[in-house]
Amino acid sequence: MSTATLSRLGGKADFPGLAGGWHYLDSAATAQKPQVVIDAVSRALGTDYATVHRGVYARSAEMTLAFEAAREKVAALIGGQSAELVFTRGATEAINLVAYVYPAKGRVLLSGLEHHSNIVPWQLAGWQIDVCPLTADGRIDLDAAEAMLTPEHTIVAFAHVSNVLGSILDVPRAVELAHRVGAKILLDGCQAAARLPVDVAALGCDFYAFSAHKLYGPTGIGALWGRAELLDAMPPWQGGGAMIDRVTFAATTYAPAPQRFEAGTPAIVEAIGFGAAADYVRSIGLEAIHNHEAALVAALREQLRRRNDVTLFGPEESAGIVSFALEGVHPHDLGTILDEANGDFGRVAIRAGHHCAQPLMDHLGVAATARASFGIYSDESDLAALIAGIERTRRIFG
Ligand code: PMP
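Rules and cut-offs
Residues numbered from 1 in each chain as written. Predicted model: local features only at pLDDT ≥ 70, side-chain atom pairs only at ≥ 80, totals over all residues. Heavy atoms only, no water. Pairing = 2+ DSSP bridges. Helix = DSSP H or I, 4+ residues; strand = E, 2+ residues; numbered from the N terminus. Axes fitted to C-alpha atoms, helices over the stretch in contact; angles between N-to-C directions. Core = buried A, V, L, I, M, F, W, Y, C linked by side-chain atoms within 4.5 Å. Buried < 20%, exposed > 50% of the residue type's maximum accessible area, 1.4 Å probe, protein only. Domains from an automatic or database assignment. Contact = heavy atoms within 4.5 Å. Buried area = accessible area lost by both parts, 1.4 Å probe. Salt bridge = Lys/Arg side-chain N within 4 Å of Asp/Glu carboxyl O. Polar contact = N/O pair within 3.5 Å; in protein donor to acceptor, adjacent residues only side chain to side chain. Parallel < 35°, antiparallel > 145°, perpendicular 65-115°, else oblique. Left-handed = near helix turned anticlockwise from the far one by under 90°.

This paragraph deals with the sheet that holds strand β14 (residues 351-353). With antiparallel pairing, four strands are arranged side by side in an open sheet as β11-β12-β15-β14. The open sheet has two edge strands with one neighbour each: β11 (310-313) and β14. Strand-to-strand twist in this sheet, taken as the mean axis angle between neighbours without regard to direction, amounts to 30 degrees. Taken together, the four bridges between strand β12 (residues 321-326) and strand β15 (residues 369-373) define a ladder with antiparallel strand orientation. Opposite V322, over in β15, you have A372 as the bridge partner.

In structure tokens, the structure reads:
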């Protein structure tokens with residue numbers, strides 16, 4: 001697809017963080033925030049501010065309604081019910097929650113492309129870990145998963161979209177394979193939720209973890225969606241206010257899910273910002289966002305392929321993320337040079353490093369990659385600036 005066919009979605013004007021012609025190509029790390037989210041956060045922190053759940057006065061009751069409305073919006077974004085949506089600090093905490101309190105702790109099948117936050121929690125919580133290999137083009141090899149899975153596996157935990165390669169999991173098949181041996185499947189939807197239409201009911205998965213800040217919302221909040229019967233069977237993992245039914249020194253009983261997993265005063269303001277972000281993303285439509293980003297990926301890959309000094313990683317069909325290496329130039333040097341002004345082009349922000357996926361770097365045989373990732377606001381001008389910056393880097397390095 002040529003760059004001429006790329007649409008402009010939300011447009012950069014919605015995003016104050018992009019003022020001044022900054023070419024932000026690091027949305028997979030965190031997305032810029034639209035003004036509507038900033039306004040919602042500002043109102044929640046200002047004129048509307050009060051605690052939730054405990055207040056007997058009107059402002060607190062209104063804040064509670066807004067907080068619970070946010071839960072509904074976030075749940076609806078991924079096709080879930082609000083009673084099945086636990087607010088967490090982010091995808092990391094969501095995965096830790098399952099790793100620590102899922103009652104049938106045993107063997108977990110992960111894959112070779114997982115983010116550290118879908119590896120280390122399982123290690124810390126004492127699971128036995130098996131690792132599904134990748135296909136040559138960098139997708140989770142589900143034929144291998146099929147051969148590896150046994151009734152001993154109680155959980156399969158895979159990234160829906162790889163944060164390094166943009167590889168998209170064949171979820172229906174992964175779900176079918178996990179369920180065939182009696183395992184539950186957790187999807188790390190941190191990248192996917194912002195880039196693909198997600199419907200947990202239709203996908204048939206059991207848990208879905210994601211973060212607001214990659215979805216155009218605030219930091220400090222994310223969500224774990226889980227099937228009601230699974231959440232109901234899980235014990236609490238942190239104790240405190242809001243997660244109890246009745247406390248005595250002799251015995252304490254707990255609130256039902258999702259409150260059972262939300263000890264303490266929640267991230268009220270952030271939750272409301274998360275809800276506003278869900279509204280914003282839904283108003284644009286994830287199908288449109290996916291198509292927009294897919295066109296940008298195809299255009300960037302095509303332009304990089306024309307050079308004989310670039311190695312491209314990952315499959316052709318990837319969701320909004322392109323990892324590559326420029327021959328003879330360390331990704332950090334490339335990232336630093338791109339961050340400098342370049343003639344008529346503004347500065348370009350890419351990610352350079354291991355992207356919290358060191359086992360994947362080992363598999364690729366590199367210490368780091370350069371990664372460009374797109375969002376609603378990305379457009380041809382960002383691609384042009386990146387390509388011009390790569391050319392400038394080539395001139396500097398020879
Ligand atoms: N999984 C994936 C695939 C990610 O890209 C990230 C963030 N880079 C995480 C998990 C962790 O998300 P957070 O840091 O927001 O908890």
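This part covers the nonpolar core. Among the nonpolar cores identified, the biggest contains 76 residues, and L85, F158, Y208, F210 and F274 are the most heavily contacted of them. Among the elements that line this core, the one with the most residues is helix α9 (residues 268-284), at eight residues. Residue assignment places this core across two domains, with domain 1 (3-32 + 285-397) and domain 2 (37-283) each supplying three or more. When neighbours within four sequence positions are excluded, L85 is seen to be in contact with R71, V74, A75, I78, F210, A223, L224, W225, P258 and E262. Formed by 24 residues, the second largest nonpolar core is a distinct cluster that contains I95, V108, W122 and A157.

In this section: the domain arrangement of the protein. As far as domains go, the protein holds domain 1 (3-32 + 285-397) and domain 2 (37-283). A C-alpha centroid distance of 28 Å is found between domain 1 and domain 2. Domain 1 puts 42 residues into the contact, and the matching count from domain 2 is 33 residues. Both sides of the domain 1 and domain 2 interface together cover about 2,800 Å² of buried area, and 59% of this is carbon and sulfur. It is L286, P315 and L360 in domain 1 that bury the most area against domain 2; as a group they hold 22% of the surface buried on that side. Here domain 1 is connected to domain 2 by one salt bridge. Its salt-bridge partner being E293, residue R195 comes within 2.7 Å of it at the nearest N-O pair. At the junction of domain 1 and domain 2, the tally comes to 19 residue pairs in polar contact (both at pLDDT 80 or more).

Here the focus is the side chain of E114. Along the chain, E114 falls in the loop between β3 (107-111) and α4 (120-124). At a separation of 2.9 Å, a polar atom in the side chain of E114 contacts the side chain of N118. When sequence neighbours within four positions are dropped, the list of residues in contact with E114 reads I119, I140, A157, F158, A159, C356 and A357.

It is at 8 Å that the axes of helix α1 (residues 35-45) and α9 come closest, and there the two elements cross at 155 degrees. When the axis of α1 is compared with that of α9, the two are roughly antiparallel. Handedness of the crossing formed by α1 with α9: right-handed. Counting all contacts with α1, which are made through V36, V37, A40, V41, A44 and L45, the residues of α9 involved are V269, I272, G273, A276, A277 and Y280.

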